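Remarks on the overall topology
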Amino acid sequence: MELKVLNKETDYHSGYGAGSGEIIRVTYACPCGKSEVVFEKDDIPGFRDSSTICECQECSSKYDFNRGTATIK
Ligand SMILES: [Zn+2]
């Protein structure tokens, strides 16, 4: 299932000594529509990470989230 994008923002990050980077944050509507799913990607030299967090208890127990996609468990 494709999630609907609610908001997308990019924050500048001065980095951890290996140059500057950015943090990308995309907010999606969760499958039930009552809450949100937040995808965060750190794109900073020497520190690259990404996570998808569902703030909805109901949906996080039903689905696996990967960026803008929800998959039934
Ligand atoms: Zn939900």
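Read on for an overview of the structure. (Residues numbered from 1 in each chain as written. Predicted model: local features only at pLDDT ≥ 70, side-chain atom pairs only at ≥ 80, totals over all residues. Heavy atoms only, no water.)

Notes on the sheet that holds strand β3 (residues 36-44)
Here is the rule: Two strands form a pair only when DSSP identifies at least two bridges running between them. Numbering of helices and strands runs from the N terminus; a helix is a DSSP stretch of H or I covering at least four residues, while a strand is a stretch of E covering at least two. All axes here are fitted lines through C-alpha atoms, helices being fitted over the stretch that makes contact, and every angle between N-to-C directions spans 0 to 180 degrees.
Pairing in this open sheet of four strands is antiparallel, and the strands run β1-β2-β3-β4 from one edge to the other. Because the sheet does not close on itself, it has two edges, and the strands there are β1 (5-13) and β4 (47-54). Mean inter-strand twist for the sheet, computed between neighbouring axes without regard to direction, equals 10°. Pairing geometry for strand β2 (residues 21-29) and β3, over eight bridges, is antiparallel. In the sheet register, arginine 25 faces β3, and the bridge partner there is glutamate 40.

Brief notes about the pairing of β3
When a strand is regular, its side chains alternate between the sheet's two faces. Connecting β2 to the next strand, β3, in antiparallel fashion are six residues, including glycine 33 with a positive phi near 85°. Sheet topology note: the β3/β4 ladder contains eight bridges and is antiparallel. Bridge assignment links valine 37 to a residue of β4, and that residue is cysteine 54. Hairpin geometry of β3 and β4 is characterised by an intervening segment of two residues between the two adjacent antiparallel strands and by a positive phi of about 80° at glycine 46.

Some details on the coordination of the zinc ion
Rule in force here: Atoms of type N, O and S within 2.8 Å of a metal are treated as its donors, and for Na, K and Ca the window is 3.2 Å; water is not considered, so some sites may appear to be missing partners. By the criteria applied here, four donors are tetrahedral when all angles lie between 85 and 135 degrees, four are square planar and six octahedral when opposite donors are over 155 degrees apart and every other angle lies between 65 and 115, and any other arrangement is irregular. Categorising residues by exposure relies on relative accessible area from a 1.4 Å probe, with only protein chains included: less than 20% of the type maximum marks a residue as buried, more than 50% marks it as exposed, and the intermediate range marks it as partly exposed.
Looking at the metal site, the zinc ion is ligated by Cys30 (SG), Cys32 (SG), Cys56 (SG) and Cys59 (SG), spaced 2.2 to 2.4 Å from it. Seen from the zinc ion, its four donor atoms lie at angles of 98 to 116°, and the figure they make is tetrahedral. Along the chain, the residues donating to the zinc ion are arranged with the sequence spacing C-x1-C-x23-C-x2-C. Judged on exposure class, the residue cysteine 56 and its partner cysteine 59 are both buried.

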